Amino acid sequence: MPTLSAPRLLTFLVSAVLIGLAVASLYTRIPMVGKTVVAHRQWFFIGAYVLLALGVTTRSL
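Now for a look at the structure at hand. The model shown is predicted, which means the values in this text are computed figures rather than measured ones.

## Digging into helix α3 (residues 41–57)
When the terminal C-alpha atoms of α3 are compared, their 25 Å separation across 17 residues agrees well with the 24 Å that a helix rising 1.5 Å per residue should span. Residues of α3 that are buried include every one of Phe 44, Ala 48 and Gly 55, and no others. Down the axis of α3, the buried side of the element spans an arc of 35 degrees, and every buried residue falls inside it. α3 presents Gln 42, Trp 43 and Tyr 49 as exposed residues on the side facing more than 90 degrees away from its buried surface. Where α3 is buried, its residues contact α1 (9–27) and α2 (34–39).

So, in structure tokens, the structure goes:
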């Protein structure tokens, strides 16, 4: 069983930004990256969760 630790601040912030973009695309129009986020919203959610899970299980991320 791997030991769990808090993710680094940068890992947490990147994950939070990915989730924030995905949630914001549900309610508002996002300039510049909006079409990409809307088209691949589920992958933004999955990517943010995977990044955060990797940050918790590995010390270097």
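## Let's talk about a nonpolar patch on the surface
Residues Ile 19, Val 23, Leu 26, Tyr 27, Trp 43, Phe 45, Ile 46, Tyr 49, Val 50, Leu 54 and Leu 61 make up a contiguous nonpolar surface patch of roughly 1,100 Å² in combined accessible area. Sorting the residues of the nonpolar patch by element identifies α1 and α3 as the ones contributing at least two each. Ranked by residue count, the leading element in the nonpolar patch is α3, at six residues. Following the sequence through the fold, Tyr 49 ends up in helix α3.

## Brief notes about α1
The end-to-end C-alpha distance of α1, which contains 19 residues, comes to 27 Å, matching closely the 27 Å that a straight helix rising 1.5 Å per residue would cover. Among all positions in α1, only Thr 11, Ser 15, Ala 22 and Ser 25 are buried. Taken end-on, α1 shows its buried residues confined to a sector of 95 degrees, consistent with a single buried face. Of the residues in α1, the exposed ones pointing more than 90 degrees away from the buried face are Leu 9, Leu 10, Val 17 and Tyr 27. Residues of α1 that are buried in the fold lie against α2 and α3.

## Brief notes about unusual backbone geometry
Of note, the phi angle at Met 32 is positive, near 75 degrees, even though the residue is not glycine. Examined against the element boundaries, Met 32 turns out to sit in the loop between α1 and α2. Look at Met 32 and you get exposed, because its relative accessible area is 85%.

Reading the values: the criteria
Residues numbered from 1 in each chain as written. Predicted model: local features only at pLDDT ≥ 70, side-chain atom pairs only at ≥ 80, totals over all residues. Heavy atoms only, no water. Helix = DSSP H or I, 4+ residues; strand = E, 2+ residues; numbered from the N terminus. Expected span 1.5 Å × (residues − 1). Buried < 20%, exposed > 50% of the residue type's maximum accessible area, 1.4 Å probe, protein only. Arc of directions from axis to C-beta. Contact = heavy atoms within 4.5 Å. Patch = residues over 30% accessible without salt bridge, like charges linked within 9 Å, V, L, I, M, F, W, Y side chains within 5 Å. Areas by Shrake-Rupley, 256 points an atom, 1.4 Å probe, with all protein chains shown as cover. Salt bridge = Lys/Arg side-chain N within 4 Å of Asp/Glu carboxyl O.

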